[in-house]
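Descriptive structure summary
So you can see what is in the structure, the chains are spelled out below.
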Amino acid sequence: MAQQQGGGNETKGIATRAEDYSQWYLDIVKRAELAEHSAVRGCMVIRPQGYAIWEKLQRELDDRFKATGHVNAYFPLFIPLSFLAKEEQHAAGFAKECAVVTHHRLKSLDGKVQVDPESKLEEPLVVRPTSETIIWNQYKNWIQSYRDLPLLINQWANVCRWEMRTRLFLRTAEFLWQEGHTAHATEAEAREETLRMLGVYADVAEHVMAMPVVQGAKSEGERFPGAVESLCIEAMMQDGKALQAGTSHFLGQNFAKASEVQFLSKEGKLEYPYATSWGVSTRLMGALIMTHSDDAGLICPPKLAPIHAVVVPIYRKDDEKAKVLEEAGKVCAELRAKGLAVKLDDRDLHPGAKYYEWEMKGVPLRIEIGPKDLEKGSLCLVRRFAIEQEGESEAEQRKRKKSFVARAEALASVPALMDEMQAQLLERARNLRARRTRVLDSLAEFEAWFKGEDDGGFAWVHWAGGRAEEEQMAERFKTSIRCIPLEGQYPAGAEGPGTCLLTGKPSARRVVMAKAY
RNA sequence: CGGGGCGUAGUUCAGCUUGGUAGAACGCCUGCUUUGGGAGCAGGAGGUCGUGGGUUCAAAUCCCGCCGCCCCGACCA
């Protein structure tokens, strides 16, 4: 193991995926300095390394929102309790995980600063778990005519869901996200919007995060509270479990009715607009980590890497140092001129220490420059990862990641190398998912796979059960319907009707079942 | 909410059973030697031991209360 050095590795090593997948994930988050626990239960601190990735992800998403006609706005953090209560299903769905503000003042009592009991709010304020109700309350003022539609708004915000159990990035009490809230004159238009934004999410997942996803609809039991239909993208993590990576909901007229929003149509009729809402969160950071990283640390796709390449100078004596640093500076400048983010690591540390650190932090490319390179006019390029080959030793793989290339050629090759690594990561993730995907027709096969040692994966199975049957599957196998895939999402041989593996009833199409985060 | 664990230096932890001057490793700072896969030596800085009370000549240690965090499970748009 690369990280097992010099015997006492307690403070240096991280758990391997094979040993303890869950611990491995936590180790990466911590050691790559992406995030850490705060003093507040369930709330994390996103550190600069992690936030830089989130910012790039935000940019990719935001550009696409703008390109599809949306604009950004901002609504309050606090939602009056009565607003949340307006849509019954919605309120019930979030009731168990709300933070509530009940007072507005502190007071020194018995020498201690405490909540002033006399400052009780007339109406409690809920810290938004999602913003449909407060936004639609505002839309009431903005929508009167069909000419006001469609209304296409997105908000970047933090939300709070008082989860019983939290995990860094994957489920935290407070998290960052974006939530799009749109209003449309017709159902068809709103449904089209729901699909369009799901497509945007799938595009970002695959082509920015290099993370393949299945696009589909949620079953009734997994639907967003208040939605008519919930669409989602589901990704597979390296342990075979599913992670819901984004959702796009068709809300029908539920919120318009709850907030009494109506508009006059072209025909002069008073109508309720149709709504959508869609969101992705900092959970995507967890997805990114668990999709690509290895036992040496984070692997970050070039499109999201805050640093594309790190330059590590190598020298012995002062005169060597001066020459090497001069060359390193030039190399950095030339790469930056190509639009790459390059870091010169000239700290007074041994090169090996820097290698381990930047590998842990997931920088795609390392460039070593030493006296030998100056002499030969070459650069040493070391990729963060190489596609695994069967039967290959670690030493062999390490060698394959490293290449000595003539200076000009090396510099010219970097942009293409980034594209290549981006593509390889997607391919690698696709292959991994394919290895853990099965089209199954019997409960016996299903049971064997999910009760086996490796937790199964994505099972494409025929399904005609209802909520009760879903719960039965959850109890027996800890699996759930991740989604009912959209047309075009089905792998070869999985299309068409069949019979439900549990009930034996006829089924129109297969669904994806898996264990989930 | 159930089960388990933990709160002592920046971090990870030892010390607690059997009360008696606050410890280690890593990290950090300084100097010298080093630098192509986690450097070595020497010196140094750094802690009201989570919190409130009790027992005692004396409490990190024993007793009682409280608070907080982590992990596993239940739950989870």
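Predicted, not measured: the structure shown is a model, and the values here were computed from it. (Residues numbered from 1 in each chain as written. Chains lettered and ligands numbered in written order. Predicted model: local features only at pLDDT ≥ 70, side-chain atom pairs only at ≥ 80, totals over all residues. Heavy atoms only, no water.)

This next bit is on the protein's contact with RNA strand B. The full set close to RNA strand B counts 45 residues, and Arg41, Arg161, Arg165, Arg171 and Phe224 are the nearest of them. Backbone sugar and phosphate groups make up 46% of those atoms of RNA strand B lying within 4 Å of the protein. Here a sugar or linking oxygen of RNA strand B sits 2.6 Å away from a polar atom, N or O, in the main chain of Arg223. Between RNA strand B and His350 there is a distance of 3.0 Å, counted from a base oxygen to a side-chain nitrogen or oxygen. Of all elements in the fold, only helix 1 (21–31), helix 10 (351–360), strand 19 (365–369) and helix 11 (371–376) reach the threshold of two or more residues within the surface near RNA strand B. Sort the elements by how many residues they give to the surface near RNA strand B and helix 10 lands first, with six residues. (Near = heavy atom within 4 Å. Polar contact = N/O pair within 3.5 Å; in protein donor to acceptor, adjacent residues only side chain to side chain. Helix = DSSP H or I, 4+ residues; strand = E, 2+ residues; numbered from the N terminus.)

Glancing now at the pairing of strand 23 (residues 458–462). Among the five residues in strand 23, five count as buried, and that is most of the element. Sheet analysis places strand 22 (residues 437–439) next to strand 23, joined by three bridges and oriented parallel. Residue Thr437 lies in a different strand from strand 23, and its bridge partner there is Phe458. Pairing geometry for strand 23 and strand 27 (residues 510–514), over four bridges, is antiparallel. Its bridge partner being in strand 27, Val461 is matched across the sheet by Val511. (Buried < 20%, exposed > 50% of the residue type's maximum accessible area, 1.4 Å probe, protein only. Pairing = 2+ DSSP bridges.)

Here the focus is helix 10. Of the positions making up helix 10, those classed as buried are Lys354, Tyr355, Trp358 and Met360. Against the buried residues of helix 10 lie helix 1, strand 17 (309–313), strand 18 (342–344) and strand 19. Where helix 10 terminates, the next one or two residues include Gly362, which has phi positive at roughly 85°. (Contact = heavy atoms within 4.5 Å.)

Attention shifts here to a nonpolar patch on the surface. On the surface, Leu106, Val113 and Val115 cluster together to form a nonpolar patch covering roughly 310 Å² of accessible area. Assignment of secondary structure puts Leu106 in strand 6 (residues 106–109). Classification of Leu106 as exposed rests on a relative accessible area of 58%. (Patch = residues over 30% accessible without salt bridge, like charges linked within 9 Å, V, L, I, M, F, W, Y side chains within 5 Å. Areas by Shrake-Rupley, 256 points an atom, 1.4 Å probe, with all protein chains shown as cover. Salt bridge = Lys/Arg side-chain N within 4 Å of Asp/Glu carboxyl O.)

Turning our attention to the packing of aromatic side chains. All chains considered together, the criterion is met by 16 aromatic pairs. Seen in terms of ring centroids, Tyr201 and Trp278 are 6.5 Å apart; in terms of plane orientation they differ by 65°. Their pairing is edge-to-face. In this pair, Tyr201 sits in helix 6 (residues 187–207) while Trp278 sits in strand 16 (residues 274–281), placing the two residues 77 residues apart along the sequence. Clustering of aromatic rings is evident, with ring pairs tying together Trp54, Phe65, Trp156, Tyr201 and Trp278. Between Lys86 and the ring centre of Phe83, over which it is positioned, the NZ or CZ distance is 4.2 Å. (Phe/Tyr/Trp six-rings, centres within 6.5 Å; stacked < 30°, edge-to-face > 60°. Lys NZ or Arg CZ within 6 Å of the ring centre and 35° of its normal.)

Turning our eyes to something else, we now look at the nonpolar core. Membership of the largest hydrophobic core comes to 53 residues, with the highest contact counts inside it found for Leu57, Phe169, Met211 and Met237. Mapped by element, the contributors of at least two residues to this core are helix 1, helix 2 (48–67), helix 6, strand 11 (213–217), strand 12 (229–236), strand 13 (242–252), strand 16 and helix 8 (283–292). The element contributing the most residues to this core is helix 6, with seven residues. Beyond its immediate sequence surroundings of up to four residues, Met211 is in contact with Ala205, Glu206, Ala235, Met237, Ala245, Ala287, Thr291, His292 and Leu426. If you look at the next biggest cluster of nonpolar residues, it comprises 26 residues, including Ala309, Leu340, Val342 and Leu379. (Core = buried A, V, L, I, M, F, W, Y, C linked by side-chain atoms within 4.5 Å.)

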